[in-house]
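# Coordinates in review
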Amino acid sequence: MDLSQGLMLFFALLISCIILFSSIKLFWRRGDLPPGPTPLPLLGNALDVGGDIVHFLMKLSEKYGDIFTVYLGTRPVIVVTGYKLVKEIYLDKGDDYLNRGDMPAFDAFYKDSGIIFTANMKRWRDLRRFSLMTLRDFGFGKSSTEDRIHEEIRHLISALKDTKESFFDPRQCLSKSFYNIIFSIMFGNRYNYEDKEITTILTYIYQAFTTISSSWGQIYEMFPWLMRFIPGPHQKINKCFKNLTKYVDGRVKINQETLDPNNPRDYVDAFLIKMEKEKINPNSEFNMKNLLACTLQIFFAGVETMSTTTTYSLLILMKYPDVLAKVHKEIDQVIGQNRGPTLQDRNHMPYTEAMVHEMQRFTDLIPMGAPRRTTKEVTLKGYTLPKDINIYPMLTSVLKDPTCFKYPTEFNPENFLNEKGEFKKNDAFMPLAAGKRICLGESLVRMELFLFLVSILQNFDLKSSVPLKELDIAPIVSGLGNFPKPYKMAFIPR
Ligand code: HEM
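These notes cover the structure that comes with them.

This next bit is on helix H8 (residues 171-187). With 17 residues, H8 should cover 24 Å at 1.5 Å per step; its first-to-last C-alpha distance of 23 Å lies within 8% of that length. Most of H8 sits out of view: 16 of its 17 residues are buried. Phi for Gly 188, located one or two positions after H8, is positive at around 90 degrees.

This paragraph deals with the pairing of strand E2 (residues 75-80). For E2, a buried count of six out of six residues is recorded, marking the element as mostly surrounded by other parts of the structure. What sits between the antiparallel neighbours strand E1 (residues 67-72) and E2 is a turn of two residues, in which Gly 73 has the positive phi angle 70 degrees. Sheet topology places E2 next to strand E7 (residues 390-393); four bridges connect them, and they run parallel. Following the sheet pairing, Ile 78 is matched in E7 by Ile 391.

In terms of nonpolar packing, the biggest core is built from 149 residues, with Leu 57, Tyr 179 and Leu 462 touching the most fellow members. Broken down by element, this core gets its largest block of residues, 16 residues, from helix H14 (residues 288-319). Among all residues touching Leu 462, those that are not within four sequence positions of it are Leu 314, Leu 317, Met 318, Leu 324, Ile 456, Leu 457, Met 489, Ala 490 and Phe 491.

Neighbouring the ligand are 27 residues; Arg 100, Trp 124, Arg 128, Arg 437 and Cys 439 lie closest to it. The separation between an oxygen atom of the ligand and a polar side-chain atom of Arg 372 is 3.0 Å. Note that an oxygen atom of the ligand is positioned 2.8 Å from one of the side-chain N or O atoms of Arg 437. Looking at the shell around the ligand, the elements that each hand over two or more residues are helix H6 (121-137) and H14. It is H14 that contributes the most residues to the shell around the ligand, six residues altogether.

Looking now at the packing of H8 against helix H9 (residues 196-213). The angle between the axes and the distance between the axes are what describe a pair of packed helices. The interhelical angle for the contact between H8 and H9, taken along N-to-C directions, is 100 degrees, at an axis separation of 10 Å. If you check the angle between H8 and H9, you find them roughly perpendicular. Side by side, H8 and H9 meet where Arg 171, Gln 172, Ser 175, Lys 176, Tyr 179 and Asn 180 of the first sit next to Ile 198, Thr 199, Ile 201, Leu 202, Thr 203 and Tyr 206 of the second. Of the residues assigned to the contact of H8 with H9, the class counts are five nonpolar, five polar and two charged.

Cut-offs and rules
- Residues numbered from 1 in each chain as written.
- Predicted model: local features only at pLDDT ≥ 70, side-chain atom pairs only at ≥ 80, totals over all residues.
- Heavy atoms only, no water.
- Helix = DSSP H or I, 4+ residues; strand = E, 2+ residues; numbered from the N terminus.
- Expected span 1.5 Å × (residues − 1).
- Buried < 20%, exposed > 50% of the residue type's maximum accessible area, 1.4 Å probe, protein only.
- Pairing = 2+ DSSP bridges.
- Core = buried A, V, L, I, M, F, W, Y, C linked by side-chain atoms within 4.5 Å.
- Contact = heavy atoms within 4.5 Å.
- Near = heavy atom within 4 Å.
- Polar contact = N/O pair within 3.5 Å; in protein donor to acceptor, adjacent residues only side chain to side chain.
- Axes fitted to C-alpha atoms, helices over the stretch in contact; angles between N-to-C directions.
- Parallel < 35°, antiparallel > 145°, perpendicular 65-115°, else oblique.
- Nonpolar A, V, L, I, M, F, W, Y, C, P; charged D, E, K, R; others polar.

The quantities given are spatial measurements derived from coordinates; they are silent on function.
In structure tokens:
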């Protein structure tokens, strides 16, 4: 046997061993876990996913019920559907499922740092508590944030008027407003909409999010160890994150150079001051790595989610002119044209409030939720799940649970109205998840969505560039996020 034959034999044996090992591991682990489709060694159920993981998992729930196991590559994931069981994970037994599950596309950058993706519970707790407190100090949920939002809305309305009823894709313009609000909370200032920097950064954020949600992104999630080395569109994800990190790094340096410890101006200043205070504590989570990660993560989450939700909302309102007409009527009756909306108006605008809720339910922005991980061995619906196993709480199945909503698959604000036409809360309304790890931006989301949508509709009628029946409201990609297809529209002053 010559050297090349020997090497071939060696690699053949190695691959056989890996497959055998993976099969034994799969067989051994499957014994205790909820049932699900049979996985292949190494590939798991990857061949069945077919580019739309949300559809694939929801189809499986028809066969296996509200709890089942799938293998994303070699990684077992417990998929949980329906309000009753997802509520158990978020609320009834929340502490048992509080850790973050694997998100390989992000983990390459952030697994060990920041709030969203960290699987280190002490780090998560310290950074989340600090961030919530600091964001409150700088305005989350307070009237100062309402003022900030109003100021940004004034810029947006003026920019939309300048488009002079021409057709264009509204996403960039809307994104710039949300960018400015979160940017001013994190870094203390806003940008002009014409600024080139803001457009570049928004492009990185959008590209990263949509690529992760695409079928390439889904393959990356299943085989990160392999896909990292294979060329393809998914390579954009790392490039975008690198550029975003570099950008945030530069902005943090500006804060460092101009810091006055007695007069913090924004989130980054507050973090720098905390870092200085804790520098002798070897276990402190307040270091430069976590500062960069937290800032970038809050910023990234705050911009992309809001831009997509409002871009999607305008598209849906054009598709449902009867809903748009009712909202216009309520705005005219309650607010009129002589002043802008305030948050107090929500109490007197049940139809609009129902529409804003229905928008979040129907657009279903994060259909699979963010993966969680068990913090100890747990029992769920009679199954014993080991510590550290990944859980997918399928938010889409809660938001469209037929036992909780009258019109689960339709866009219909009646889902949030009672017989008297009053606004009606619904416990299954959890687009931001629920419990101790609920979306950190919760209060900002509520303020921004109402004020932005109402201000836009107070000022404009919406005109589609294509006939109503050609307006396609199905998402262009559906994975981590649901994204609308790009479209064009015109804003007609009222
Ligand atoms: C419509 C808009 C939004 C939606 C649908 C949304 C949805 C979510 C969801 C489903 C989670 C996962 C919670 C979990 O189960 O662990 C989450 C987490 C998070 N969101 Fe949002 N979000 C939105 C807006 C925002 C905004 C405006 C911000 C920032 C200001 C933000 C910051 C975060 C952060 C930092 C986390 C991580 C929380 C943690 O791990 O403790 N989000 N969001």
